[in-house]
Amino acid sequence: MTKNLPFDDHVAEYEAWFERYPFVFETELAAIKKIWPVGKNAMTLEVGSGTGRFSKALGIRSGLEPSAGMDAKAEERGIETVRGVAEEMPYQNQQFDVVLMNFCISYFENLQRAFAEAFRVLRSGGVLIVGFIDKNSLLGKYYEGKRNKSTFYKSANYYSVNEVEEKVKAEGFKAPEIFQTLFNDLDNTNDIEPLVTGSGKGSYILIKATK
C-alpha cells in the first residue's frame, strides 16, 4: 500500500464526501452486509480501514491503515487499528476469518502481494472480500477523468473486474463470486440501490473468494 498519499492532510475532505453522498455509502454498506459470511465471534480485519466508517458499521474488530490522520479518526470511532501496509501485514498466519479490502486496492503498490498476504493471514475456509470501482464503469470513467484535478484520484490505479478476479485466483482463492451495484452517477444515487450478481452494469464491484 502506498505510504505517501494525501490522506493525512485531507481527512476532513475525505469525511465530507460521505456526508455529500449518503446513499452511495449506504448502498455500498448494504452490499457488503448482504455477502458478509460469518457471525459475531469471527476474527475480522479491514485492510485500508481509513477513518473506520465501514469497520464500525460492520462490527469489524481490527483495522490496518498506513495513514496516521485516517487512523486517528478511526480510533475516535472505537476501531482498534494498526499502522501498516497491505503488502506486509503485521499479523500471524491464519489469524482471521474474514479480510475486507474496500476502496483501497487502487492505492496498493503491489496488488498481487497484498492478495498473497490476505491469503496468508486467513484461516482455512476464510473469506476475502474486495470492494472497488470497475475502471470500465460509469464511475470508473468519471474518476479517471477527474484524475488531474482531484486530491485523491490522481494517486489511484483503477482495475477492471477481470484483472482483480485473476489476481485473486492466482493466490489460490477458490471460485470467486462477483456482485455489482451503484448503477447511477453520484449525484443521482438517491436511494439504496440493489445488489445483483455479475458485472458490466454497476460501478461498485464486490468479489468474494474463499481460501
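Residues numbered from 1 in each chain as written. Predicted model: local features only at pLDDT ≥ 70, side-chain atom pairs only at ≥ 80, totals over all residues. Heavy atoms only, no water.

### Quick look at the environment of I178
Defined as follows: Think of it this way: any DSSP run of H or I at least four residues long counts as a helix, any run of E at least two long counts as a strand, and we number them from the N terminus. By definition in these notes, contact holds between two residues if any of their heavy atoms fall within 4.5 Å.
Relative to the elements of secondary structure, I178 occurs in strand β6 (residues 174-181). Excluding residues within four positions of it along the chain, I178 makes contact with V161, E165, T197, G198, S199, I205, L206 and I207.

### Structural notes on the packing of aromatic side chains
Put simply, the rule is: Stacked, tilted and edge-to-face pairs are distinguished by plane angle, under 30 degrees for stacked and over 60 for edge-to-face with tilted covering the rest, among Phe, Tyr and Trp rings (Trp via its six-membered ring) whose centres lie within 6.5 Å. Three labels apply to residues, based on accessible area from a 1.4 Å probe with only protein chains included: buried if under 20% of the type maximum, exposed if over 50%, partly exposed otherwise in between.
The final tally for this structure, using the stated rule, is 11 aromatic pairs. Relative to F173, the ring of F119 has its centre 5.1 Å away and its plane inclined at 85 degrees; by these criteria the two rings are edge-to-face. Of this pair, F119 sits in helix α5 (residues 111-121) while F173 sits in the loop between α7 (161-170) and β6, and the two are 54 residues apart along the sequence. Relative to Y143, the ring of Y142 lies with its centre 5.6 Å away and its plane at 50 degrees, an arrangement referred to as tilted. Here Y142 falls in the partly exposed class, since its relative accessible area comes to 35%.

### Some points on the environment of F132
Relative to the elements of secondary structure, F132 occurs in strand β5 (residues 122-133). For the pair F132 and N110, spaced 22 residues apart in sequence, the C-alpha to C-alpha distance is 16 Å.

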